[in-house]
Amino acid sequence: KVICILRLFKVGGIKIITSRMHTSSTFPLILGGEKTSFDSLSPSLWSYLKRSEVDKLKAFFKVIYPNFPHDMYNFESIKLTPIAIANNFYTEAVTKGDPIEKKISFVIMGLEALFLEDNFELRYKLSMRASKFLGSLGMNSNKARQTIKDGYDIRSKFAHGEVFSINDRKKFEGKHGSLDILLQKLLNYLRIAIIINILMKLSKEEFAKLIDDSLIEAEKSNTLSKLVGKWKKYIIL
């Protein structure tokens, strides 16, 4: 549970785990008080905690730990929720050494798990809903929409078995600098969406409807901004 939470604080994984055991017994622990091990899902993407972020990490952990869904770290759950499915895709992209096209595909599928409830106009609907949501947090919604569209195009090529050509790579690198930068952007969008969905505690249908309504109604747009804004201070954007 703790490792899953730490992965969501910033885009990146956990390499080494150190745990300390404490007891109120008058007898010392037979096995010793500290244990260090390597995470079985070591990161392929790294992120480093700055000293200025330590207090924010403490605040983030305090608010999300009691609200963290059980099925997000208990992988034997019979029924996975959309948030747990999205988090599984996020974890795959962060920890596995797969080709970058596959990682981007995982991230897009994670976003789909949170923002889509049908199979119609997927690219358009995903980019519009996700960018509106991110815009409500003060992020650049136009850039987010185009980034998600580009990620979706890569995912479509990968899913349909199309060869990712040199020209394809150059096109996306020209827009984003590199595919690694594009992946980082998309992972950050997914990470933020997972956190907010955990804390808002809306069903997938309620979440999608609120975003759709906020696109055409100023009152609903204000409602969305207030709901996500409540948790903004705990998140590194």
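Below or above, wherever it landed, is the structure these notes cover. Here the structure is a predicted model, which is why all the values come from computation and not from measurement.

Quick notes on the rules
- Residues numbered from 1 in each chain as written.
- Predicted model: local features only at pLDDT ≥ 70, side-chain atom pairs only at ≥ 80, totals over all residues.
- Heavy atoms only, no water.
- Helix = DSSP H or I, 4+ residues; strand = E, 2+ residues; numbered from the N terminus.
- Buried < 20%, exposed > 50% of the residue type's maximum accessible area, 1.4 Å probe, protein only.
- Contact = heavy atoms within 4.5 Å.
- Areas by Shrake-Rupley, 256 points an atom, 1.4 Å probe, with all protein chains shown as cover.
- Phe/Tyr/Trp six-rings, centres within 6.5 Å; stacked < 30°, edge-to-face > 60°.
- Arc of directions from axis to C-beta.
- Salt bridge = Lys/Arg side-chain N within 4 Å of Asp/Glu carboxyl O.

## Quick word on the overall build of the protein
Phase 1 of the analysis: Helices and strands together make up the secondary structure of the protein, namely ten helices and two strands.
Phase 2 of the analysis: Moving toward the C terminus, one meets the helices and strands of the protein in the order α-β-β-α-α-α-α-α-α-α-α-α.
Phase 3 of the analysis: Scored against the burial criterion, the 237 residues of the protein give a buried share of 43%.
Phase 4 of the analysis: Contacts in the protein between residues far apart in sequence, at least 24 positions, make up 70% of those at least 6 positions apart.
Phase 5 of the analysis: Split by element, the accessible area of the protein, about 13100 Å² in all, is 55% carbon and sulfur.

## Digging into the packing of aromatic side chains
Phase 1 of the analysis: Going through the model one piece at a time under the given rule, you end up with nine aromatic pairs.
Phase 2 of the analysis: Pairing phenylalanine 115 with phenylalanine 207 gives two aromatic rings, centres 5.4 Å apart and planes at 45°, and the pair type is tilted. In this pair, phenylalanine 115 is assigned in helix 4 (residues 100-115) and phenylalanine 207 in helix 9 (residues 204-214), connecting sequence segments 92 residues apart. One exposure class covers both phenylalanine 115 and phenylalanine 207, and it is buried.
Phase 3 of the analysis: Grouping aromatic residues by their ring pairs yields a cluster made of Phe115, Phe133 and Phe207.

## Focus on helix 2 (residues 54-64)
Phase 1 of the analysis: Listed in full, the buried residues belonging to helix 2 are Leu57, Phe60, Val63 and Ile64. Seen end-on, helix 2 carries its buried residues on one side only, within an arc spanning 135°. The exposed residues of helix 2 that point more than 90 degrees off its buried face are Asp55, Lys58 and Lys62.
Phase 2 of the analysis: Where helix 2 is buried, its residues contact helix 1 (2-9), helix 8 (179-200) and helix 10 (218-232).

## Quick notes on the pattern of salt bridges
Phase 1 of the analysis: Per the stated rule, a full pass over the model turns up 13 salt bridges.
Phase 2 of the analysis: Here aspartate 98 and lysine 102 are joined by a salt bridge, their closest N and O atoms 3.9 Å apart.
Phase 3 of the analysis: Accessibility expressed as a relative area gives 22% for aspartate 98, which makes it partly exposed.
Phase 4 of the analysis: In this structure, aspartate 212 and arginine 129 form a salt bridge, with 2.6 Å as the shortest nitrogen-oxygen distance. Placement of the pair is aspartate 212 in helix 9 and arginine 129 in helix 5 (residues 122-135), with a sequence separation of 83 residues.
Phase 5 of the analysis: Owing to a relative accessible area of 29%, aspartate 212 belongs among the partly exposed residues under this scheme.
Phase 6 of the analysis: When salt bridges that share partners are traced, they join Glu117, Arg129 and Asp212 into one network.

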